[in-house]
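Examining the three-dimensional arrangement
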Amino acid sequence: MINVVGLGYIGLPTALMLATSGQCVIGTDTDAERVALLRSGSFQSTEKGFPELYRRALEAGIRFETEYPRADVYIVAVPTPYLEETKQVDASYVVQAVKSVLQVCPKGAVIVVESTVSPGTMDRYIRPAVAEAGLTVGEDVFLSHAPERIIPGNMLRELECNNRTIGVDDPATGEMLKKLYSSFCHGRITVTGIRAAEMTKVAENTYRDINIAYANELAKVCRAQGLNVYEIIDIANQHPRVNILTPGPGVGGHCIPIDPWFLVGDWPELTKVIHAARDVNDSMPEYVLDRLLAVMQENGLSDLRRVGLYGLTYKADVDDVRDSPTLQLLQVMERRGMAGQVQVYDPFVSRELVANQHRDLSGFLAAIDLAVVLVDHRQLRDDPDCLKGKIILDTRRVYPDGAAYRL
Ligand code: SAJ
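Residues numbered from 1 in each chain as written. Predicted model: local features only at pLDDT ≥ 70, side-chain atom pairs only at ≥ 80, totals over all residues. Heavy atoms only, no water.

1. Notes on the overall build of the protein chain
Counting its regular elements, the protein chain contains 14 helices and 14 strands. Relative to its length of 407 residues, the protein chain is compact, with a C-alpha radius of gyration of 23 Å against a globular reference of 22 Å. Split into buried and exposed, the 407 residues of the protein chain put 52% on the buried side. Accessible area for the protein chain stands at about 18,300 Å²; split by element, carbon and sulfur atoms hold 50% of it. Between the averaged position of the 42 positive side-chain charges in the protein chain and that of its 53 negative side-chain charges there is a distance of 3 Å. (Helix = DSSP H or I, 4+ residues; strand = E, 2+ residues; numbered from the N terminus. Rg over C-alpha atoms; globule rule 2.2 N^0.38 Å. Buried < 20%, exposed > 50% of the residue type's maximum accessible area, 1.4 Å probe, protein only. Areas by Shrake-Rupley, 256 points an atom, 1.4 Å probe, with all protein chains shown as cover. Lys, Arg positive; Asp, Glu negative; His and termini not counted. Charge placed at Lys NZ, Arg CZ, Asp CG, Glu CD.)

Put into structure tokens, the structure is as follows:
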């Protein structure tokens with residue numbers, strides 16, 4: 001029996017995959033409404049292939065509970081945000097989940113933490129929690145850290161195909177978990193130590209953050225020089241060992257803007273590049289605002305109420321708005337005394353999140369003269385003309401050279 005703890009954006013697809021791969025699975029979440037919805041069969045997700053996988057998992061007998069059952073393996077996939085002030089990991093959800101599991105798990109159970117944690121968290125918080133429960137790691141319970149790597153928007157395919165890392169204390173647990181994950185994952189599975197697995201995961205997301213920061217900084221330098229950053233990147237990327245990423249309006253989501261802080265928070269003196277990259281990416285929404293004000297001035301516009309932000313999510317074709325560049329931009333506007341003026345539209349977000357949020361594109365278009373493209377949703381890529389007649393500030397390179405203002 002496998003118990004997946006936390007049925008969020010990682011736990012749920014993982015539970016469904018395991019259930020459709022011949023495992024007996026119970027998914028536990030503390031949110032009773034979510035559990036009821038999952039049980040009813042009417043849970044929805046915009047992830048490709050989700051409805052089919054969900055249906056097959058229900059047919060295979062997956063169960064959803066608010067309680068923790070007795071199981072052989074517990075896979076913990078709960079959030080690990082960072083503490084705003086210290087930038088250190090907030091491991092409280094993981095610790096709470098593990099403590100709950102420890103109350104019910106049988107002797108010999110394996111507890112796998114999939115949630116991203118800062119290096120050292122398993123030693124600092126999880127091992128002491130086991131000791132506190134009067135149990136011994138390696139005898140009563142076995143621990144693992146096996147971080148996920150899947151990307152929102154293509155999660156199910158990446159769950160099956162990506163390579164994985166499994167951190168354990170002993171080879172036998174490693175072999176057992178490797179076999180379990182192999183039931184649905186066809187990628188290479190590397191077994192290593194728990195601390196190495198923790199560091200690897202954070203290193204991966206930090207690598208991406210730094211490289212996006214470089215593209216963003218290059219965009220600023222190119223603008224100062226009157227150069228087209230995209231042309232520079234296209235040419236530079238023809239070098240066999242260069243692959244510069246794409247500048248954008250900022251970095252959102254719940255992974256890349258968070259994980260680097262785990263390193264900066266714990267080792268401020270050792271993480272100059274990582275910290276600087278975070279600052280560059282965090283500066284982008286304000287940079288977009290300054291570009292917007294310059295474009296408005298150039299076109300003789302002064303009324304922010306006639307400006308529309310296209311896109312609220314943190315990237316294209318997902319419905320996830322956490323820490324999105326658009327929300328960051330709205331915060332900057334609030335700080336600078338421009339709150340509640342611009343119009344906002346996102347085809348993926350129907351619930352009302354911000355002021356002047358439009359549900360339909362035509363109403364949004366009627367209200368604006370200038371559109372800032374903050375997300376390159378397929379809707380726009382497939383029909384760039386849908387913003388026809390508007391002045392466009394394009395932060396995502398949807399439009400060809402000359403058709404829109406750039407970052
Ligand atoms: N972005 C850019 N320019 C780029 C690439 C991305 O501005 O060239 C922006 C995006 O628009 C977005 C943000 O960065 O706002 C992050 O998006 P993303 O697609 O790079 O990554 P996430 O946060 O959706 O998922 C990441 C992935 N990690 C890596 O690629 C190293 C994913 O594999 C991880 O599983 C996930 O974090 C996680 O859960 O940790």
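2. Comments concerning the packing of aromatic side chains
Counted by the stated rule, this structure contains six aromatic pairs. Ring centres of F43 and Y54 lie 6.3 Å apart, and the angle between their planes is 80°; this geometry places the pair in the edge-to-face category. Of this pair, F43 sits in the loop between α2 (32-40) and α3 (50-59) while Y54 sits in helix α3, placing them eleven residues apart in sequence. Classification of Y54 by relative accessible area gives buried; the value is 4%. A ring pair is formed by F50 and Y54, whose centres lie 5.5 Å apart and whose planes are at 35°; its orientation type is tilted. With F50 and Y54 both in helix α3 and four residues apart, the pair spans about one turn of that helix. One aromatic cluster is present, built from ring pairs that chain together F43, F50 and Y54. Looking at R322, its charged tip hangs above the ring of Y9, at a distance of 5.7 Å from the centre. (Phe/Tyr/Trp six-rings, centres within 6.5 Å; stacked < 30°, edge-to-face > 60°. Lys NZ or Arg CZ within 6 Å of the ring centre and 35° of its normal.)

3. Describing helix α10 (residues 259-266)
Counting buried residues in α10 gives eight out of eight residues, a clear majority hidden from the surface. Along α10, the positions that sit buried rather than exposed are D259, P260, W261, F262, L263, V264, G265 and D266. Contact partners of the buried residues in α10: α5 (121-132), α8 (194-225) and α11 (272-298). (Contact = heavy atoms within 4.5 Å.)

4. A short note on helix α1 (residues 11-19)
Every α-helix carries 3.6 residues per turn, so stepping three or four residues along brings you back to the same face. Counting buried positions along α1 gives nine out of nine residues, so the element sits mostly inside the fold. Those residues of α1 lying buried are G11, L12, P13, T14, A15, L16, M17, L18 and A19.

5. Some remarks on unusual backbone geometry
With a phi angle near 60°, D317 is a residue other than glycine that sits in the positive phi range. Its location among the elements puts D317 in the loop between β9 (307-310) and α12 (325-335). For R397, which is not glycine, the phi torsion reads 55° and is therefore positive. Tracing the backbone shows R397 in the loop between β13 (391-394) and β14 (405-406). Classification of R397 as partly exposed rests on a relative accessible area of 31%.

6. Things to note about the pattern of salt bridges
Taken as a whole, this structure holds 26 salt bridges when the rule is applied. Between R127 and D169 there is a salt bridge, and its shortest N-O distance comes to 2.8 Å. In this pair, R127 is assigned in helix α5 and D169 in the loop between β7 (164-168) and α7 (171-182), connecting sequence segments 42 residues apart. Looking at R127, the relative accessible area reads 23%, which means it is partly exposed. A salt bridge links R406 to D394; its shortest N-O distance comes to 3.7 Å. (Salt bridge = Lys/Arg side-chain N within 4 Å of Asp/Glu carboxyl O.)

7. Points about the layout of surface pockets
In this model, the second largest pocket occupies a volume close to 1,100 Å³. For the second largest pocket, the lining is made up of 37 residues, of which I151, R208, I256, Y314 and K315 are closest to its centre. Of all the secondary-structure elements, those providing two or more residues to the lining of the second largest pocket are α8 and α14 (378-382). At seven residues, the largest contribution of residues to the lining of the second largest pocket is made by α8. Tallied by class, the residues present in the lining of the second largest pocket amount to 13 nonpolar, ten polar and 14 charged. (1 Å grid on protein atoms, 1.4 Å probe; cavity = no way out; pocket = protein on both sides within 12 Å on 5 of 7 lines; lining within 4 Å. Points joined across faces, edges and corners; volume = space filled by probe spheres on them. Nonpolar A, V, L, I, M, F, W, Y, C, P; charged D, E, K, R; others polar.)

8. Re the sheet that holds strand β1 (residues 2-5)
Ordered in space as β3-β2-β1-β4-β5-β6-β7-β8, the eight strands form an open sheet in which the pairing is mixed. Edge positions in the open sheet fall to β3 (63-65) and β8 (189-193), since each of these has one partner strand only. Within the sheet, the average angular offset between the axes of one strand and its neighbour, ignoring direction, is 25°. Pairing analysis gives four bridges linking strand β4 (residues 73-76) to strand β5 (residues 109-113), with the strands arranged parallel. What sits directly across from V73, in β5, is V110. (Pairing = 2+ DSSP bridges. Axes fitted to C-alpha atoms, helices over the stretch in contact; angles between N-to-C directions.)

9. Thoughts on the packing of helix α4 (residues 92-104) against α5
Each packed pair of helices is defined by two parameters, the angle between the axes and the distance between the axes. Relative orientation of the contacting elements α4 and α5 amounts to 30°, with a least axis distance of 10 Å. Classed by the angle they form, the pair α4 and α5 counts as roughly parallel. The interaxial crossing formed by α4 with α5 has right-handed handedness. In contact with V94, V95, V98, K99 and L102 of α4, α5 contributes Y125, I126, A129, V130 and E132. When the residues that make up the contact of α4 with α5 are grouped by side-chain class, the tally is eight nonpolar, no polar and two charged. (Parallel < 35°, antiparallel > 145°, perpendicular 65-115°, else oblique. Left-handed = near helix turned anticlockwise from the far one by under 90°.)

10. A short note on the site of the ligand
Taken together, 21 residues surround the ligand, and among them E148, K201, N205, R208 and Y314 come closest. Within the side chain of R208, one N or O atom sits 2.6 Å away from an oxygen atom of the ligand. K315 places a side-chain nitrogen or oxygen 2.8 Å from an oxygen atom of the ligand. Of all the cavities here, the one that holds the ligand is the second largest pocket. Residues of the shell around the ligand, tallied by class, amount to ten nonpolar, four polar and seven charged. (Near = heavy atom within 4 Å. Polar contact = N/O pair within 3.5 Å; in protein donor to acceptor, adjacent residues only side chain to side chain. Sits in = over half its atoms within 2 Å of the grid points.)

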